Amino acid sequence: MSIVRKLLPIATATISRRTIMTAVPLRSEFKKVENYQNIANRFFDFTEVDKDSFSPATLTNGRQAHHGAAYGGLIFSQAMAAAEKTVEEKFKPHSTHSYFILNVDTKEPISYNVRRIRDGRSFITRTVEAVQKEKVCFVLQCSFHVEEKSSIIHQSEMPKVPCPEVLMSMRDAVPYMKSLVEKGEVSPPPAMLQRLQSYDSKVYSDDLDLFEMRCTNLGNYYGFASDQKPELHFWMRARGDLPNDERLHRWLIAYNSDSLLVSTAVSPHYTNGFMPSMLFSLDHCVWFHKAEVKADEWLLFECKSRIASGSRATIEGRIWRRDGVLIASCQQEALVRSKSDDPSKL
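Under an unreviewed UniProt entry, the name given to the protein is Acyl-CoA thioesterase II domain-containing protein, and the source organism is Caenorhabditis latens. What UniProt records for the protein under Subunit (unreviewed entry) is the sentence "Homotetramer." We quote the UniProt Sequence similarities (unreviewed entry) comment for the protein here in full: "Belongs to the C/M/P thioester hydrolase family."

Looking now at the pairing of strand 4 (residues 111-119). With two bridges connecting them, strand 2 (residues 53-56) and strand 4 associate as antiparallel partners. The partner of phenylalanine 54 across the bridge, within strand 4, is tyrosine 112. Two elements, strand 4 and strand 5 (residues 123-132), share eight bridges in a ladder whose sense is antiparallel. Residue pairing in the sheet places arginine 115 in a bridge with threonine 127 of strand 5.

Another aspect to go through is the domain arrangement of the protein. Domain assignment breaks the protein into domain 1 (34-147) and domain 2 (163-345). For domain 1 and domain 2, the distance between their C-alpha centres works out to 22 Å. Counting residues at the interface gives 38 residues for domain 1 and 36 residues for domain 2. Between domain 1 and domain 2, the buried area comes to about 3200 Å², and carbon and sulfur atoms account for 58% of it. Of all residues in domain 1, Tyr36, Arg63 and Phe100 bury the most surface against domain 2, accounting for 25% of the area lost on that side. Linking domain 1 to domain 2 there are four salt bridges. One salt bridge connects lysine 92 with glutamate 246, and the closest N-O pair in it is separated by 3.0 Å. Linking domain 1 to domain 2 there are 19 residue pairs in polar contact (both at pLDDT 80 or more). If you list the elements that add at least two residues to the side of domain 1 that touches domain 2, you get helix 3 (36-41), helix 4 (72-84) and strand 3 (91-100). Sort the elements by how many residues they give to the side of domain 1 that touches domain 2 and strand 3 lands first, with nine residues.

Here is what the cut-offs are and how they apply
- Residues numbered from 1 in each chain as written.
- Predicted model: local features only at pLDDT ≥ 70, side-chain atom pairs only at ≥ 80, totals over all residues.
- Heavy atoms only, no water.
- UniProt positions renumbered as here; feature names shortened; annotations may be inferred.
- Pairing = 2+ DSSP bridges.
- Helix = DSSP H or I, 4+ residues; strand = E, 2+ residues; numbered from the N terminus.
- Domains from an automatic or database assignment.
- Contact = heavy atoms within 4.5 Å.
- Buried area = accessible area lost by both parts, 1.4 Å probe.
- Salt bridge = Lys/Arg side-chain N within 4 Å of Asp/Glu carboxyl O.
- Polar contact = N/O pair within 3.5 Å; in protein donor to acceptor, adjacent residues only side chain to side chain.

Put into structure tokens, the structure is as follows:
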């Protein structure tokens, strides 16, 4: 199978193989953003307003919802960063569990209040409450561990997908897909067309967006050539150079870990005519398997949803280095409500 067909599998009559073979730009040049370090750091610039209470300089970025609710991955990563500011650097976060309780308003100040639950010799536990307008809107629990030598070793295999150098950046893919839609050469389902023309167009045209994203299968993502499997694979990479700051790399990966999970669950249902009335992350958990991670190198984000029922979907993610090392895993449950009384079934 050619790389082109892996990128856009031919499973529908809405676009011809000849069109894809001759028109799809297989590669996007990776263009680094100038002053990227300062752009990234501003999201983790805190004022300690009281002991163990941290207020961020900004909650606003291009990934926030249209109604001004903050992007969940930003809240998650800022809370984790606040927790890390209360522990010695020899302790590394390995397990984080969180709940999204209320929308965070990007126009209102917020404080991340850290509780020091336990300080042990090998493990430290912190709880963080994000408080806005005197209400707790987000809760995170984080466990830190001193690095130890391995006693047992095993690992799953990294999935085989096209490498990022032969794929389009979403910054190129979005306008390209919109041009194909205008020409009538592809017909994404209505819900995905709306996403393409609104949210994706906003996020992937934002010069300050933190990550370069490259989908291994645009047909699945946009639903015009879907195999109807709740699975997505994206390569991701920070859009500029970063210093040798272990914590910043980790916070950025945490930030991006919330970017694709809900989409993984709902994308294949769009081909059935599914129209969401509400999509909302209920919780988010991340396990870091490696202390040293590099956000400014290509990482593969593998996402799968194994069950959806009762208006909730559970999605798991794995983040891989290019050399096949699994550096982090994540899991999320999402609220998924429909405009129809009849459920979409795969």
